[in-house]
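Chain and residue survey
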Amino acid sequence: MQASNLIAACCNRCTHRPGNPCRDLVRCLAEGPICHSDDACAKTRQERMANARRGGQGTLIFVGAGTCGRANGSTKVIARIGAFLQEHKISAEIVEVGCVGYCQRELFVDVQKPGEPRLAYADINLGNIDQLLEAVFVREEMRNGFLYGRHGDGGAAWADIPEINTTDFFKKQVKVVLRNAGIVDPRILDAALAAGAFAAAAKAVCTMTPEEVCNEVLAAGLRGRGGAGFPTGQKWNIARQTPRAQKYLICNADEGDPGAFMDRAVLESDPFFVIEGMLIAAYAIGASKGYIYCRAEYPLAVERLTSAIEQCRRVGLLGTNILGSLFSFDITIKQGAGAFVCGEETAILASIEGGRGMPRPRPPYPAVSGLFGKPTVLNNVETLANVPVIINRGAEYFQNLGLGKAAGTKVFALSGAIRNTGLVEVPVGIKLRTIIYDIGGGALPGHKFKAVQIGGPSGGCIPEQHLDTVTDYADLIQLGAMMGSGGMVVMDERTCMVDVARYFMEFIRNESCGKCTPCREGTTRMLEILTSITERPVGDEERRLERFRGVLHLQELASTVKEASLCGLGQSAGNPVLSTLRFFRDEYERHVIDQRCPSGECQGLAVYEVDNATCLGCLLCKKACPSGAIVGERKQAHYILVDKCVGCGSCVTACPKHSIHLVSEERACV
Amino acid sequence: MSLVNSLSIDGKEVQFTPGETVLSAASRAGIEIPHLCAMDWACKPEAACRMCLVELEGMPRLQTSCTLEAKDGQKVRTRSPRVQAVRRNIVELLIANHPGDCLTCARNQNCELAQVASELGVRERRYRGLKKNHALDLSSPALVRDPNKCILCGRCVAVCHQVQGVGAIDFIDRGIKTRVGPGFHDGINVSNCIFCGQCTRVCPTAALMEKSQVDAVVAALADPNAIVVAQIAPAVPATLMENAQASSVRSMLLRLATALKRVGFGAVFDTGFAADLTIMEEVSELIRRVQTGGPLPMFTSCSPGWIQYVEKYRPDLIPHLSTCKSPQQMAAALIKDVYPKHRDLGGKRLVCVSLMPCTAKKVEASELGDVDFVLTTREIDELLVRYGIDLNKVTELGTLDAPFSSASGAGRLFGGTGGVMEAAIRTAHKMLTGSELAGGFKVEEARGLEGIKCFSLDVGGTTLNFGIVNGLGRLKPILDPLSKGASNLHFIEVMTCPGGCIGGGGQPYDSDPEDIRVRLERLYDADRRSTLKVSHDNAEVQEIYAEMLGKPLGEISHHLLHRSYVDRRAEET
Amino acid sequence: MCQVDQIIAGHEELGKEHLIPILQEIQAKEGYLSQAAMNKVADATGVPQSRVYGVATFYNQFRFAPKGTHVIEVCRGTACHVKQSLKLAQHLTRKLNLKPNGNSPDNKFTIITVACLGACSIAPVIKLDGEFYGHLDVEKLDRLLDEAVQGESHASK
């Protein structure tokens, strides 16, 4: 691990050491030297800073190598780039960065030659990297088919290339939490410092009281970004005002919502800012010990965080007497072991204490009595990443970032049946329609938008007619959804909404901790009911009745589980069902009464049809059918009796003429 | 007008003690809020079952009354339509995943789940679906586990870990697959379970029960080739008095003897006799150790849960255990050896049944023999019911049979914490000084329900240090100094269960701390009423020594009345 | 067994708080948690055996049978679900005749279901021996299995 170049002494008059920390340490990097006056030292510092800001000297090649980058083959691409450079004897440095957010167009490979702006090239993979490198390095064709845009200003010579933030995907976004993602090297402290890390921490720890810090965050209107939306400043104040010698700060990095990967991107792409956020939070509440509880499924995030923490310790940004103050703070990483419920506050406490991740009754609230019985504040990754911004720029700035009454920005993970998948950061209070159409590009070609699922398993589905709703906490709750952690999955006409409800209920049932009766038993029964209406009750009168009975019970069950469950997982378990019942009731009715799945997705309700024009009358399908649903005689057209069909598809495989097809009403009109 | 420290529950003004929960305050005021996982004593409430939800004015969400701290001016409703609807749905959910064999279930008269279902008027099984299907655990002689009847309330886990400090069972897997059991897929027999049965006592359903031997006893009683005799532990009559309106322990004991003989027992003995015998042997052993240098401290050995604990967790303490058998086993050994000489059995085999407040006694009996069957206090009820006998209506005072019919007040005290110690001190004083303990024989320092009592007494110029522990979760302060070689105690009485045997795993289901306190008082009362105060003056005991045993710790004693121990730690895989 | 001893020895403090990290380290080294290993951890940490097992079985990550030669993680996140990942999972279960613990009878494959791998843009996704493969269908999946068995694994999307 390289030592920090920026923090290194400019001359032997520098007094900062980890054992003898200087309170001006961070300011000095950009404005120094402060403890003595020397032009040569000032020049040294400025050169170092410029270098660090650029990301290095000479030609730089930035490759998006977060988890989604690796999923797109970045490791092999990086190896190939290295080989190419060697083969062609080109001198350039490869810098691994995180995720810029436009996952649809991964890999992004940026090239920055000396004196030129950093140019971003998209859709790179192992198959075409050579073409890009040939163009950029051999033919010097910076403008080529892969060019996406330009980072920053390059002067008149490069004005024809669009600046990244003016392109369609980015222009309506406001990058605060993700401002460094995909840009700055997340592996080294210097890059983060050059991007402004720890300036806010220095300001808070050296010039503000804990009360002032809490109130600034309170005034900014920052609300928990993990889903619950509790005012962060308020939570901090409760902990700050609880008099105990030992307090804890925990960063909740157990992002478990399927379809949510915002926190992962922040941790992999900008770990130092998260640490800075934790530092400020710990100072505000009086905690000397911090934990990052990170999912085991995020090994790269754990790796980046571990390295970042170690680097911070080395220069004294973590440890005792930080920046020459009386404040001491250090962080331990705890890895989750695969339990969605461990994203719940009290479940994290149970897990860190070494037990089963089962939530605890509140009160007492963690801010009063939490980890090991001490006052503990738990904050989401995104929440903490916003804190340095608030301290640096002020509460009003943060307030104004949001639209209307809302404050700040929110990162959403946009995925599913949409043109542009990726991470988008937008002002809180922006319309859903803007996100889905202006930024997301709308439905996939040839398909029709049906619904957007927000808030993961705790959230709900929002149909087209409500897309003018703004993405704010209260507004979404009114629609039966919730802000949640930020997962946003778009669905088109091929998605069955009943199946969506069933899918989320299965997830919740699998992840229920099992402690409290309503959630443990209620989600199981609701899942059974939902599954039963995605299947045809062949040959069983009891089951037929059961389906009807079950649906009548759904509402009551969902309501009991909501009212009586111990924790948020159970309390919101019914949301997907209730929301789809509310907006897509017709689909439920088709499933229950007509035993048809309009989108064709429910295998158990599949309708197959024999094309009589091509049918040979060979009886092969009839023999293959396990439930005797095919009627027909030799050399006469065969028919499938829908009421007896279990949807297995054996007939389709058996037919030598491929005369049997799946019938779906929606698919039929595409 | 409202009083200080009062809240309104269902319109009634209820006083509370600061720090108390609404559930507790309501209960004391006679308002029962249904609950399936809270225990009114000991462990912190987990709010898992959600049955105790109540409406609290001003809060949009329902609150669990087991965790809700009572505060001045609160307005609580415990049976509003909203609350009842939720509660009912929860019970329906539990029933949906519960076997339907209530008619043949061992707890069909006193199952808490059935009780709340009835209270809430649940008359149909609305939710149908997959039920759990776990294997029964019949592996141990003492306990039976049926995880299919478990409602996952967590009481057993809490008691095992927090009260008893053992932790033999825990929650396994997650969500709908959750079950309670010992680690891996083991039966309880190869786990660290000490068979104390506290789990069976707190279980609301038939998921955890003692292994019933009622059928076996009934079969023996019907066997023309058997003479069945009973021995009764001191704690049993002190407990049965609860419902039977007996005026004293002795009168309850004699009424029980009547009932047992009506049922067909050929003789009824008092385990208290053997308690006196145990004192003779054990105090002699203690004095020998004190005079010859150890090993000290010496621990009592009458509580089989404690013995299991030592053998499984702390075999290093085996040298410190008294080698005396428990009163149950001493009595049974003598019954089998002496009774046939005392009475002509006519060629029939002798079957010895012991009536105990304890489930671990079943394991002790299976390991040491002589006792054929052990019936817990709960099983005694069941046995009498088989024969149509209502103990409340049995008023005739029967007789106990020689040669094991009498017990001193000291022996009676064995049923509660501190009793063995007090009895021992009375006899130790006589053995060491030749004179009786002054002050009416009471050893006040040994009395009371505190978890740990330590005190010193001057016995004829020698200072002896004593320790008393009840509830194994409280062992640490006693054992830690011992591990460091820093214990100055000579003699330590350990009773596995909170309160001693009167709080045992085989005791009635709804025992709470007040019940245990009352039972202890009854034992003290029995001692007060008894004219025979000390074990060494028990005439039948003296006769046994004269005719057979010779002196305490003699060869025959060693053979009949003492035992050895096994290091069981190596037995686990 | 000395690996477990080494792991335990590597922790300065041994208490309940260290239970999960120790189990994670053992699984990282040995691929699963054996009964013997868990008993050792119980002894070393003072946590009752039943609780060690109870904690281990609570979390998805811990396995109690050795893994097969090739490990496939199937993503069942929302985006992948919408792109029919359930069919892939069902296909694997049928084709490989999976036992309840996720292993194929010949122990060549272990299939693990993951709630979300976080690579939604290339859904449906699996990870085979640590490498991501996206935009899958049944045919492509079968090809990957064949290649894995033949000892080769091409990067394909």
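Structure report, in brief. (Residues numbered from 1 in each chain as written. Chains lettered and ligands numbered in written order. Predicted model: local features only at pLDDT ≥ 70, side-chain atom pairs only at ≥ 80, totals over all residues. Heavy atoms only, no water.)

1. Let's talk about the packing of aromatic side chains
How two aromatic rings sit relative to each other is given by the distance of their centres and the angle of their planes. In the structure shown here, the tally under the stated rule is 25 aromatic pairs over all chains. Between Phe327(A) and Phe329(A), the aromatic rings sit 6.1 Å apart at their centres with planes inclined by 10 degrees, giving stacked as the arrangement. Using a relative accessible area of 9% as the deciding quantity, one classes Phe327(A) as buried. Aromatic side chains Phe299(B) and Trp306(B) sit 5.1 Å apart centroid to centroid with 55 degrees between the ring planes, which places their arrangement in the tilted category. The buried category is assigned to Phe299(B), whose relative accessible area is 0%. The exposure class assigned to Trp306(B) is buried, which follows from its relative accessible area of 0%. One residue, Arg179(A), lies across the ring of Phe273(A), its end atom 4.3 Å from the ring centre. (Phe/Tyr/Trp six-rings, centres within 6.5 Å; stacked < 30°, edge-to-face > 60°. Buried < 20%, exposed > 50% of the residue type's maximum accessible area, 1.4 Å probe, protein only. Lys NZ or Arg CZ within 6 Å of the ring centre and 35° of its normal.)

2. Description of the interface of chain A and chain B
Listed as interface residues are 34 residues of chain A and, on the opposing side, 32 residues of chain B. Buried area between chain A and chain B, both sides added, is near 2900 Å², and the carbon and sulfur share of it is 49%. On the chain A side of the contact with chain B, Arg356(A), Arg525(A) and Glu563(A) bury the most area, a combined 22% of that side's loss. Counting every contact that joins chain A to chain B gives 4 salt bridges. (Contact = heavy atoms within 4.5 Å. Buried area = accessible area lost by both parts, 1.4 Å probe. Salt bridge = Lys/Arg side-chain N within 4 Å of Asp/Glu carboxyl O.)

3. Some points on the sheet that holds strand E2 (residues 93-97) of chain A
Picture the strands of a sheet paired through backbone hydrogen bonds; they go either parallel or antiparallel. All names here are of chain A. Read from one edge of the open sheet, 5 strands run E2-E1-E3-E4-E5, paired in mixed fashion. A single partner strand is all that each edge strand has here, and the edge strands are E2 and strand E5 (147-151). Going from strand to strand, the sheet's axes swing by 25 degrees on average, the running direction of each strand aside. Strand direction decides the pairing type here: strand E1 (residues 60-64) and E2, joined by 5 bridges, are parallel. For Ile-61, the partnering residue across the bridge sits in E2 and is Ile-94. Sheet strands touched by helix H4 (residues 74-87): E1 and E2. Its angle to E1, the strand with the most contacts, is close to 165 degrees. (Pairing = 2+ DSSP bridges. Helix = DSSP H or I, 4+ residues; strand = E, 2+ residues; numbered from the N terminus. Axes fitted to C-alpha atoms, helices over the stretch in contact; angles between N-to-C directions.)

4. Considerations on the interface of chain C and chain A
In this assembly, 37 residues from chain C lie in contact with 50 residues from chain A. Between chain C and chain A, a total of about 3300 Å² is buried, with carbon and sulfur atoms accounting for 55% of that surface. In this structure, the connection of chain C to chain A is made through 2 salt bridges. Ionic pairing is found between Glu131(C) and Lys76(A), a salt bridge with its closest N-O pair at 3.9 Å. Our count for the chain C to chain A interface comes out at 17 residue pairs in polar contact (both at pLDDT 80 or more). When residues of the side of chain C that touches chain A are traced back to their parent elements, those giving at least two are helix H2 (19-30), helix H4 (49-58), helix H5 (78-82), helix H6 (85-96) and strand E4 (131-133) of chain C. Per-class residue counts for the side of chain C that touches chain A are 19 nonpolar, 11 polar and 7 charged. (Polar contact = N/O pair within 3.5 Å; in protein donor to acceptor, adjacent residues only side chain to side chain. Nonpolar A, V, L, I, M, F, W, Y, C, P; charged D, E, K, R; others polar.)

5. Topic: the pairing of strand E2 (residues 12-15) of chain B
Residue and element names in this part refer to chain B. Pairing between strand E1 (residues 6-9) and E2: 4 bridges, direction antiparallel. Bridged to Ser-8 within E2 is Glu-13. Linking E1 to E2, which pair antiparallel, is a turn of 2 residues; within it Asp-10 sits at a positive phi near 55 degrees.

6. A closer look at the sheet that holds strand E10 (residues 226-232) of chain B
All names here are of chain B. Ordered by their spatial adjacency, 4 strands build an open sheet running E11-E10-E13-E14, and the pairing between neighbours is parallel. With one partner strand each, in any of the chains shown, strand E11 (267-270) and strand E14 (373-376) form the two edges of the open sheet. Taken over all neighbouring pairs, the strand axes of this sheet differ in orientation by 25 degrees on average, direction set aside. On the sheet, helix H6 (residues 214-222) packs against E10, strand E13 (349-356) and E14 and is oriented at approximately 125 degrees with respect to E14. Lying on the sheet, helix H13 (residues 377-386) is in contact with E13 and E14; it crosses E14 at an angle near 95 degrees.

7. Describing the pairing of strand E13 (residues 460-463) of chain A
Residues and elements named next belong to chain A. With burial as the criterion, each face of E13 is covered, one bearing Gly-460 and Ile-462 and the other bearing Cys-461 and Pro-463. Pairing of strand E12 (residues 449-454) with E13 involves 4 bridges; the strand directions are antiparallel. Bridged to Gln-453 within E13 is Cys-461. Once E12 ends, the chain turns through 5 residues before running back antiparallel as E13, passing Gly-455 with a positive phi of about 95 degrees.

8. Quick look at helix H12 (residues 271-285) of chain A
Residues and elements named next belong to chain A. The end-to-end C-alpha separation of H12 is 21 Å, in line with the 21 Å expected for 15 residues at 1.5 Å each. By the criterion of burial, H12 is predominantly enclosed, with 15 of the 15 residues buried. At the exit of H12 stands Gly-286, carrying a positive phi of roughly 90 degrees. (Expected span 1.5 Å × (residues − 1).)

9. Some words on the side chain of His161(B)
Locating His161(B) in the fold gives a position in helix H4 (residues 155-163). Looking at His161(B), its side chain comes within polar contact range of the main-chain oxygen of Ile169(B), at 2.9 Å.

10. Some words on the environment of Gly82(A)
Turning to its location among the elements, Gly82(A) is positioned in helix H4. Residues Gly82(A) and Ala92(A), spaced 10 residues apart in sequence, show a C-alpha to C-alpha distance of 9.0 Å.

11. Observations regarding unusual backbone geometry
Generally, phi is negative for residues other than glycine and the peptide bonds are trans, each holding for most cases. Of note, the amide linkage connecting Leu296(B) to Pro297(B) takes the cis form, showing an omega dihedral of -5 degrees. For the peptide bond that leads from Ala402(B) to Pro403(B), omega is 0 degrees, which places it in the cis range. Here Pro403(B) is to be found in the loop between H13 and helix H14 (409-412). Positive phi, normally seen in glycine, also occurs at Phe372(A), with a value near 50 degrees. With respect to the element layout, Phe372(A) can be found in the loop between helix H14 (345-352) and strand E9 (376-380). The partly exposed category is assigned to Phe372(A), whose relative accessible area is 33%. At Asp173(B), a position not held by glycine, the phi torsion is positive, near 60 degrees.

12. With respect to the pattern of salt bridges
This structure, assessed with the given rule, holds 80 salt bridges over all chains. Each of Glu96(A), Asp185(A), Arg187(A) and Arg304(A) takes part in a single network of salt bridges with overlapping partners.

13. Section: the nonpolar core
Ranked by internal contacts, the top residues of the largest apolar core, which has 210 residues, are Leu256(B), Phe265(B), Trp306(B), Leu334(B) and Tyr59(C). Counting residues per element, this core draws most heavily on helix H8 (residues 249-263) of chain B, which supplies 9 residues. Not counting residues within four places of it along the chain, the set of residues in contact with Leu256(B) comprises Ile232(B), Val236(B), Leu240(B), Leu355(B), Ile380(B), Leu384(B) and Leu391(B). Membership of the second largest hydrophobic core comes to 102 residues, among which are Ala204(A), Cys214(A), Ala220(A) and Tyr283(A). (Core = buried A, V, L, I, M, F, W, Y, C linked by side-chain atoms within 4.5 Å.)

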